[in-house]
Amino acid sequence: MPARLFVPRFRIDECLAEIRECLEKGWTGIGYKTLMFEAAFKDYAGLPHAHFLNSNTSGLHLAFECLKRRLGWADGDEVITTPLTFVSTNHVILHAGLTPVFADVDDYLCLDPRSVAQRITPRTRAVIFVGMGGNVGQYAAIRSLCSTHGLSLVLDAAHMAGTRVGGRQVGHEADACVFSFQAVKNLPTADSGMVCFANPADDERARKLSWLGINRDTYSRTQEKGTYRWRYTVEDVGFKYNGNSIMAAIGLVQLRYLDEDNDRRREIVSWYHANLAGDPRIRMVEMAPDCEPSRHLMQVEVADRDEVMVRLNADGIYPGVHYHDNTNYPMYAHAAGTCPRAARASASIISLPLHLELSRADVDTVSRCLKAAVR
Ligand SMILES: Cc1ncc(COP(=O)(O)O)c(C=O)c1O
């Protein structure tokens, strides 16, 4: 099955057994399964807090809301971000009343610390780093830049479930680290995500904000003894961002296989590397040497990308582009031309098929077709 870019693998019987339990108990919303998944993920990642949500996008928005409130940021304060990302990364900055300021990327397609340093102003409050394809890029340099300048750091870890640095899940160093468990991610559910805050006050506030600002969710009220279980109060204008037990049920199963699946992804990538190495027409995006990447993506850069895509499509192969330079979108066009490396990447990157159903022969076919397609 070489044709498709992503094919998520679900352990169907195990997922159905977990889901069945929710249905039999009649509890599909926030509840014991979402709590179990939070505990299991915290245990896996070794992170101090984990709050399960309906998406990574919600988690990123909550990250900025909570940091902004605790640290007293003003409307319009600046967050340095990348133009080479899924648009969620940038929309959430605006959702929180902050201003995205675009910095350029490096050859890892992650934020370049030199460009970030040039964008810091007296109104800069935070940097959001996207671990492209599971890569950490120059994340360590960005971290030290943040600590030197007193900036908060949000890690958009949508691609990074299972990415390790120094043997442990990346994310410990960020003020908030946000994972995606959307349909085709390394830990696919259907749609869900996890926000992991460093600060307990942020975690506590996010739990209320994700449930419309209500101080106690329905499940915790059922667990309390005594009368007045129906009483709650509303402390804030929150959002309907909570994760549910059906997604958590799938997530619990998928988490058990995450490391095994990521091992297999790395093996598939090693086949691509063996096939494509030494071809000067194809630049493979490298992983930073100090990380064990989740390998969400296998990205290459080529000239005449659009023509190459059309030729691959003619061979029945349908790769992707991660991502289009966000400053090409009318929403962010005011920053067009400010990030030349991202603009070049946007016109030259291809994400080759990468999923667990690929065989060595499939990878050989894709590699052969790619070599025939590039000029
Ligand atoms: C880099 C990046 N950030 C954020 C998101 C948003 O994730 P979700 O769909 O879970 O909201 C995605 C998902 O495609 C992504 O790739």
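The notes below deal with the structure included here.

What counts and how
Residues numbered from 1 in each chain as written. Predicted model: local features only at pLDDT ≥ 70, side-chain atom pairs only at ≥ 80, totals over all residues. Heavy atoms only, no water. Near = heavy atom within 4 Å. Polar contact = N/O pair within 3.5 Å; in protein donor to acceptor, adjacent residues only side chain to side chain. Areas by Shrake-Rupley, 256 points an atom, 1.4 Å probe, with all protein chains shown as cover. Axes fitted to C-alpha atoms, helices over the stretch in contact; angles between N-to-C directions. Helix = DSSP H or I, 4+ residues; strand = E, 2+ residues; numbered from the N terminus. Parallel < 35°, antiparallel > 145°, perpendicular 65-115°, else oblique. Left-handed = near helix turned anticlockwise from the far one by under 90°. Contact = heavy atoms within 4.5 Å. Nonpolar A, V, L, I, M, F, W, Y, C, P; charged D, E, K, R; others polar. Core = buried A, V, L, I, M, F, W, Y, C linked by side-chain atoms within 4.5 Å. Buried < 20%, exposed > 50% of the residue type's maximum accessible area, 1.4 Å probe, protein only. Domains from an automatic or database assignment. Pairing = 2+ DSSP bridges.

Close to the ligand lie 16 residues, the nearest being Thr 57, Asp 156, Ser 180, Lys 185 and Tyr 323. Between Asn 56 and the ligand, the recorded distance is 3.0 Å, taken from a backbone N or O atom to an oxygen atom. At 2.7 Å, a side-chain N or O of Asp 156 approaches a nitrogen atom of the ligand. Burial of the ligand by the surrounding chains reaches 92%, relative to a free accessible area of 390 Å².

Next up on the list: the packing of helix H11 (residues 305–314) against helix H13 (residues 360–373). Between H11 and H13, the shortest axis-to-axis distance is 9 Å and the interhelical angle comes to 135 degrees. By the angle between their directions, the pair H11 and H13 is classed as oblique. The element H11 and its partner H13 pack so that their crossing is right-handed. Taken together, the residues of H13 that come into contact with H11 (itself represented by Val 308, Arg 311 and Leu 312) are Cys 369, Leu 370 and Ala 373. Each residue belonging to the contact of H11 with H13 can be placed in one class, and the counts come to five nonpolar, no polar and one charged.

The next point concerns the nonpolar core. Judged by nonpolar contacts, the single largest core of 81 residues is most densely connected at Phe 179 and Val 300. Built from parts of two domains, this core gets at least three residues from each of domain 1 (12–256) and domain 2 (258–373). Those residues in contact with Phe 179, other than ones at most four positions away along the chain, are Phe 41, Leu 47, Asn 56, Ala 157, Ala 158, Met 160, Ala 161, Gln 169, Val 170, Gly 193, Met 194 and Cys 196. Within the second largest apolar cluster, 23 residues are counted, among which are Ala 63, Trp 73, Ala 176 and Leu 209.

Moving on to the sheet that holds strand E11 (residues 291–292). Picture the strands of a sheet paired through backbone hydrogen bonds; they go either parallel or antiparallel. Across the sheet, which stays open at both edges, the three strands sit in the order E7-E6-E11 with antiparallel pairing between neighbours. In the strand order of this sheet, the two ends are held by strand E7 (168–169) and E11, each with one partner. Pairing between strand E6 (residues 164–165) and E11: two bridges, direction antiparallel. Within E11, the residue paired with Val 165 across the bridge is Cys 291.

Turning our eyes to something else, we now look at unusual backbone geometry. For the bond running from His 322 to Tyr 323, omega is 10 degrees, close enough to zero to count as cis. Relative to the helices and strands, Tyr 323 resides in the loop between H11 and helix H12 (340–348). Despite not being glycine, Leu 109 has its phi angle at roughly 70 degrees, a positive value. Here Leu 109 lies in the loop between strand E3 (99–102) and helix H5 (113–119). Positioned with a positive phi, Leu 212 is a non-glycine residue whose angle comes to about 60 degrees. Along the chain, Leu 212 falls in the loop between helix H7 (200–209) and helix H8 (218–223). On the basis of relative accessibility, which here comes to 36%, the residue Leu 212 falls in the partly exposed class.

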